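Each chain is listed here by its residues.
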Amino acid sequence: MPVDAILGLQWGDEGKGKIVDYLADQYHAVCRFQGGPNAGHTLWIQGKKIVLHTLPSGIFRSNTLNLIGNGVVIDPITLSKEIDTVHSDIPDLIDRLFISRKAHLILPTHRWIDLASEHAKGKQKIGSTLRGIGPCYMDKTGRNGLRIGDINQNSFRSDYFALKEKHLQFLKQFPQADFNIEEEEQKWFDSIEKINQLQSINAEYWLNSMLVKNASVLAEGAQGTMLDVDFGTYPYVTSSNTIAAGICTGLGIAPNKIRKVIGIAKAYCTRVGSGPFPSELLDETGEKLRKEGNEFGSTTGRPRRCGWLDLVQLRYSVMINGVTDLCITKIDVLNHFEEIKMVNGYVLNNNEQTNELPFHLETIKHVTTTPLKGWQQELSNITDKEHLPSEVKSFLNSIQTNTTIPVSILSTGPGRDELMIF
Ligand code: IMP
């Protein structure tokens, strides 16, 4: 059986966790392939809010195996805390959780470097979650990193101290940042012992042999396409490939194993951190979106920037990922808007009109929009497409027509079952 994927098509926070959790039952395994504890996948399980940072979102489904793939960067402190938090709800967690030996470890000094270098960037700061993600991926590509499979090597402690020393030298170029390395290091080594109890495996063999045996696999993306290190709004991006291509490098499976690519987009757009955001609304409409959508970061608590759905950006993401199915989330946030807009094009600083993303999004002078009538009613009691208000149908039709991809899932609220499958 092939691999299906769930990916974010915007700037992250599209609601992927809930959709993965919902679909997980249909798959033998759910596999995270990139990112790290910068992600915050929110699930509502029996009325309880749970935010997962490193654990795959299939962990709450008792028949599903879960893999943290080689493309993920792991902070042992966050992971062991996360396991402690959910363990009472998932007694068999240890049996269903696997970690690739090739996944890289985030060291305390990676977080320190993140903090110091962001600080030094001043106005140019990325708005990083400061979880050490960028510095850890830098060590990975710089061939300095420590991996899960290194933990049981005799040289692990000395390799750690050698890398820490390199980091301390590197940190000398930055002004002092407030960081208690002794305390963090103690927590790190304690957590290493804890995560060493988990099943670390040669995941590429594990996964491919499952596929040979006809198992079905769901690849779970973190962040979103516009935060991809190659195709996002560089340099205001994360440090991994968040797009479909990242599934192959982050799990060790071949491109021809991928079948469905389910692209998740909110019915509007949000972004946390710095960087260009063409459809951003800096007025009371943006404020209303933030309030209705409770748009505050699940990892950092920062208020998210809000704007209308951007069809230019969505078409780009559909193209880059080879999206086969669209899932629109948080449609209910638009329930109380008289008028809703969609961005359909950009006017650049030289007055040229375009419906492609320019190299520098900063060269966009303004966006052009199509107005749509709002439905101004609750959707919570509606369970099938036929009974949706005509305005919702028009909204979804515009997305389908513009992207040429069917909307096959609609999320109408935060709960596990507030979903329509078309
Ligand atoms: P970093 O990956 O923590 O270095 O952050 C780089 C950029 O990506 C910042 O603008 C973050 O706000 C953003 N970012 C990272 N992870 C997420 C996420 O899971 N959701 C939304 N934005 C994210």
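Values in this document were obtained by computation on a predicted structure and should not be read as measured data.

Rules and cut-offs
Residues numbered from 1 in each chain as written. Predicted model: local features only at pLDDT ≥ 70, side-chain atom pairs only at ≥ 80, totals over all residues. Heavy atoms only, no water. Buried < 20%, exposed > 50% of the residue type's maximum accessible area, 1.4 Å probe, protein only. Helix = DSSP H or I, 4+ residues; strand = E, 2+ residues; numbered from the N terminus. Pairing = 2+ DSSP bridges. Axes fitted to C-alpha atoms, helices over the stretch in contact; angles between N-to-C directions. Left-handed = near helix turned anticlockwise from the far one by under 90°. Contact = heavy atoms within 4.5 Å. Nonpolar A, V, L, I, M, F, W, Y, C, P; charged D, E, K, R; others polar. Arc of directions from axis to C-beta.

### Topic: the pairing of strand E14 (residues 325-329)
Reasoning step 1: With five of five residues buried, E14 lies mostly within the body of the structure.
Reasoning step 2: Going residue by residue along E14, you find Asp 325, Cys 327 and Thr 329 tucked away on one face and Leu 326 and Ile 328 tucked away on the opposite face as well.
Reasoning step 3: The pairing of strand E11 (residues 258-266) with E14 spans five bridges and is classified as parallel. Considered in E14, the bridge of Lys 266 is made with Thr 329.
Reasoning step 4: Strand direction decides the pairing type here: E14 and strand E18 (residues 407-411), joined by three bridges, are parallel.

### Regarding the packing of helix H4 (residues 108-121) against helix H5 (residues 133-141)
When two helices pack together, their arrangement is given by the angle between their axes and by how far apart the axes lie.
Reasoning step 1: Their axes nearest at 7 Å, the elements H4 and H5 cross at an angle of 115 degrees. When you trace H4 past H5, the crossing you get is right-handed. Contacts between H4 and H5 involve His 110, Ile 113 and Asp 114 from the former and Ile 133, Pro 135, Cys 136 and Asp 139 from the latter.
Reasoning step 2: Class assignment of the residues belonging to the contact of H4 with H5 gives a composition of four nonpolar, one polar and two charged.

### Looking at helix H8 (residues 203-212)
Reasoning step 1: Among the residues of H8, Ala 203, Trp 206, Leu 207, Met 210 and Leu 211 are the ones counted as buried. What you see down the axis of H8 is that its buried residues fit within an arc of 130 degrees, all on one side. Along H8, exposed side chains directed more than 90 degrees from the buried face belong to Tyr 205 and Val 212.
Reasoning step 2: Two residues or fewer past H8, Asn 214 is found with a positive phi of approximately 75 degrees.

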